[in-house]
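Coordinates in review
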Amino acid sequence: MLIRPPDVPSSEITPEPIYRRRRDLMVGGLSLVAAAALGMRLRRAYAAAPQKDASLVLSKRLDLSGGEELTSFDAATTYNNFYEFGTDKSDPAANAHTLRTRPWSVVCEGEVGKPRTFDLDELMKLAPLEERIFRLRCVEAWSMVLPWAGIPLSALLKPLEPTSQAKYVAFESLLRPEEMPGQRTRALPWPYVEGLRIDEAMHPLTTLAFGLYGKPLPNQNGAPVRLVVPWKYGFKSIKSLVRIRLVREMPATTWNQLAPDEYGFFSNVNPEVDHPRWSQKKERRIGEFLKRKTLPFNGYAEQVAGLYKGMDLRKFY
Ligand SMILES: Nc1nc2c(c(=O)[nH]1)N[C@H]1C(S)=C(S)[C@@H](COP(=O)(O)O)O[C@H]1N2
Ligand SMILES: [Mo]
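This report concerns the structure included in the present document. All values derive from a computational prediction rather than experimental measurement.

A few points about the environment of Pro128
The topology assignment puts Pro128 in the loop between helix H5 (120-124) and strand S4 (130-137). Residue class for Pro128 comes out partly exposed when judged on its relative accessible area of 43%. Distance from Pro128 to Leu58, taken between C-alpha atoms, is 7.4 Å for residues 70 residues apart in sequence.

The following block contains the structure:
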């Protein structure tokens, strides 16, 4: 069994090259005390998460939790938005078992020198798998802090050799109504689609995720491969991804098509721009009682604000 949080001593069960790589585990700017506290918190959170079909090997950790407690595996897998399986938060956990996630492939095409279709194993070998701990904030004003297993999306985009005309990236989820009961309703136009500007897509925090809590993604969390874009509202983090197209024009996105006054293309987390029907100033961290203040760019301004220099983020919400 190759799976465990990367801070757990593992010399006896880990192949040598991976063990060696793990020695340069990223502790970032954390003090030793903070790092130890983080390790304890992670072990506790992992201990509470069920161990099943283990197959992911994590080479290093990028901890952008902001020192906050992790959301439990239980909450992260029973309180979801995945309209392909129903519109209630409990629907994905109840219904997503019908999704078949193997075989799986992701078609990459459009404004690229080298179009290519990857199967899941090829995708997972594009770069060493990292544990990436991010806050993810839903536009509905709740949030979670979770350890994803993934790679930077740029590791997939670069080898495609985007042309100079590739200004945006369009993403598409699986369309398979036989396995996705929500697609037999008109809850949303199907398939679910999303998009990023090319520089957003290439940003090192933009993550192609295969796992959660060190295990393959549960179906309700977007198996077998999804995006995690931590500085944007959760709906940008498209699940069960099957197509990536590099394009010249800003692509259509599901929520923008449905309600353009409520959901813009950029959808950067911004406490100063309210949703027309509710405030974005605060959020409820799932598992906590008191609300927290929402941070600009979900707390990742230092890393991403430069992408939007000179843009009026009230207009481009
Ligand atoms: N294909 C697809 N992707 C999706 C959604 C969806 O309904 N369909 N919901 C989005 C929304 S609104 C959020 S908040 C996140 C939720 O991810 P989680 O359930 O893993 O927390 O997934 C996003 N990705
Ligand atoms: Mo969301």
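Having put the structure on the table, let's press on.
Description of the pattern of salt bridges
Per the counting criterion, the structure on display carries 24 salt bridges. Arg285 is the partner of Glu68 in a salt bridge, and the nearest nitrogen-oxygen pair spans 2.6 Å. Of the two residues, Glu68 sits in the loop between strand S1 (60-64) and helix H3 (73-78) while Arg285 sits in strand S12 (residues 282-285), which places them 217 residues apart along the sequence. With respect to burial, Glu68 and Arg285 carry one shared label: buried. Through salt bridges that share partners, Glu68, Arg135, Arg137, Glu283, Arg285, Glu288 and Arg292 make up one connected network.

Topic: unusual backbone geometry
In the segment running from Arg102 into Pro103, the intervening peptide bond is cis, with an omega of -10 degrees. As for its position among the elements, Pro103 is in the loop between helix H4 (91-95) and strand S2 (105-110). At the junction of Trp190 and Pro191, the peptide bond is cis and its omega measures out at -5 degrees in the coordinates. For Pro191, the location among the structural elements is in the loop between strand S6 (168-173) and strand S7 (193-197).

Calculation notes
- Residue positions are given per chain, counting from 1 as you read along its sequence in written order.
- Labels are handed out in written order, letters beginning with A for the chains and numbers beginning with 1 for the ligands.
- Where totals are concerned, whole chains, interfaces and linings use all residues; where local detail is concerned, this predicted model gives features only for residues with pLDDT of at least 70, and gives and counts side-chain atom pairs only at 80 or more.
- With hydrogens and water excluded, all non-hydrogen atoms of the structure serve as input to the side-chain values.
- A run of H or I in DSSP becomes a helix once it reaches four residues, and a run of E becomes a strand once it reaches two; helices and strands are each numbered from the N terminus.
- Accessible area is worked out with a 1.4 Å probe on protein chains only. A residue is then buried under 20% of its type maximum, exposed over 50%, and partly exposed in between.
- A side-chain nitrogen of Lys or Arg and a carboxyl oxygen of Asp or Glu constitute a salt bridge if their distance falls within 4 Å.

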